[in-house]
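# Chain and residue survey
Each chain, written out:
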Amino acid sequence: MTYLQRYFHKVPQTERDVSAIAFFASLDSVAKVAPSIACSIIQELRDQSSSLKLIASENYSSLSVQQAMGNLLTDKYAEGTPFHRFYAGCENVDAIEAEAVLEAKLLFGCDHAYVQPHSGADANLVAYLAAITHHVQVPQLQEMGKKSIDELTPTEWETFRRLLMGQKLMGFSLSSGGHLTHGYRHNISARMMVAVHYDVDPVTGALDYHKLAEQVKREKPTIFLAGYSSYPRRLNFAKMREIADSVGALFMVDMAHFAG
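Residues numbered from 1 in each chain as written. Predicted model: local features only at pLDDT ≥ 70, side-chain atom pairs only at ≥ 80, totals over all residues. Heavy atoms only, no water.

### Focus: the nonpolar core
Membership of the largest hydrophobic core comes to 19 residues, with the highest contact counts inside it found for Y198, L212, F224 and M240. Secondary structure elements with two or more residues in this core: β3 (168-172), β4 (194-198), α9 (209-219), β5 (223-227) and α10 (237-246). For L212, the contacting residues outside a window of four places in its chain are M170, Y198, F224, M240 and I243. Counting 14 residues, the second largest nonpolar core, distinct from the first, contains A131, V136, L141 and F160. (Core = buried A, V, L, I, M, F, W, Y, C linked by side-chain atoms within 4.5 Å. Buried < 20%, exposed > 50% of the residue type's maximum accessible area, 1.4 Å probe, protein only. Helix = DSSP H or I, 4+ residues; strand = E, 2+ residues; numbered from the N terminus. Contact = heavy atoms within 4.5 Å.)

Laid out in structure tokens, this is it:
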């Protein structure tokens, strides 16, 4: 009996859902080519139906979202941004991504949105690179009288590269509730920048903003990062912005685990 037949057998005709029918029909298609993979998908369905996921970076997507992820668009290679691609034939991807950007801007009340990262870790790396490019690379090139890094000699490029990798990131330590991408040594964030951390007070378990301000003034980071994965209190983002501004640091918030 196919997965679709089992669905029809268990669910009365009046209660059948079009999305569910499409889901089980697609599983039958997968099963014809790779039965073991179809079985693993079904087992994941059972696991999600019987267990509660408490991982902050995971979610429950609708069947329509799952189906939107499994179609002809997976054939496309769309490097770049909407309407500024490196390859032709991305008009349909452009339309979809542009709509996603608009939805994100409306949702968060922001002027710009970048929706390509598939995880918070990727999003943080993109943000770091964008910040370093805008606040370090562009001014440095202007000072050197260059328009592009392509114009640098090998010796100039090595000096330039070391400058970019020497920028300081200051984020919440992993032991205090921060994320791996906040400068943890085993993460690429600590290898592409000089990483320093701030911690919670060992007695209260909370951030001491006075001590934090003193530490930021000592360290003078390029990027001052707020946000967390497992800190049970609200952060005073306005206060932290003041602290960042006091040393001319770029203030960045990693809200991946609590923005929802």
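### Things to note about the environment of E99
Position of E99 relative to the elements: it lies in helix α5 (residues 91-108). Expressed as a C-alpha distance, the spacing of E99 and E15, which sit 84 residues apart in the sequence, is 32 Å.

### Quick word on the environment of S26
By the secondary structure assignment, S26 is in helix α2 (residues 18-33). In this structure, the C-alpha to C-alpha distance between S26 and T155, residues 129 residues apart in sequence, is 55 Å.

### Examining the packing of aromatic side chains
All chains considered together, the criterion is met by 12 aromatic pairs. For the pair Y7 and F24, a centre-to-centre distance of 5.2 Å together with 25° between the ring planes defines the contact as stacked. Of the two residues, Y7 is situated in helix α1 (residues 3-10) and F24 in helix α2; the sequence distance between them amounts to 17 residues. Of the two residues, Y7 and F24, both sit in the buried class. The interplanar angle of 20° and the centroid separation of 5.1 Å between the aromatic rings of F172 and Y198 together place this pair among those described as stacked. Of this pair, F172 sits in strand β3 while Y198 is found in strand β4, placing the two residues 26 residues apart along the sequence. Exposure remark for F172: the relative accessible area of 0% places this residue in the buried category. Taken together, the ring pairs in this structure connect F172, Y198, F224, Y228, Y231, F237, F251 and F258 into an aromatic cluster. (Phe/Tyr/Trp six-rings, centres within 6.5 Å; stacked < 30°, edge-to-face > 60°.)

### Considerations on helix α6 (residues 120-144)
Here α6 spans 35 Å end to end across 25 residues, near enough to the 36 Å set by a 1.5 Å rise per residue. Along its length, α6 reaches its greatest deviation from straightness, about 40°, at T133. Buried within α6 are the following residues: N124, Y128, A131, I132, V136, Q137 and L141. Positive backbone phi, at 75°, marks G145, one or two positions downstream of α6. (Expected span 1.5 Å × (residues − 1). Bend = angle between axes of the 7 residues up to and from the residue.)

### Here's the deal with the pairing of β3
Across the five residues of β3, four count as buried, placing the element largely inside the fold. Strand direction decides the pairing type here: β3 and β5, joined by two bridges, are parallel. Within β5, the residue paired with L169 across the bridge is I223. (Pairing = 2+ DSSP bridges.)

### Thoughts on α1
When we look at burial in α1, the residues that qualify are Y3, L4 and Y7. One side of α1 holds all its buried residues, which, seen down the axis, span an arc of 100°. Here the buried face of α1 lies against α2 and α3 (35-50). (Arc of directions from axis to C-beta.)

Everything listed is a geometric property; what it means functionally is a separate question.
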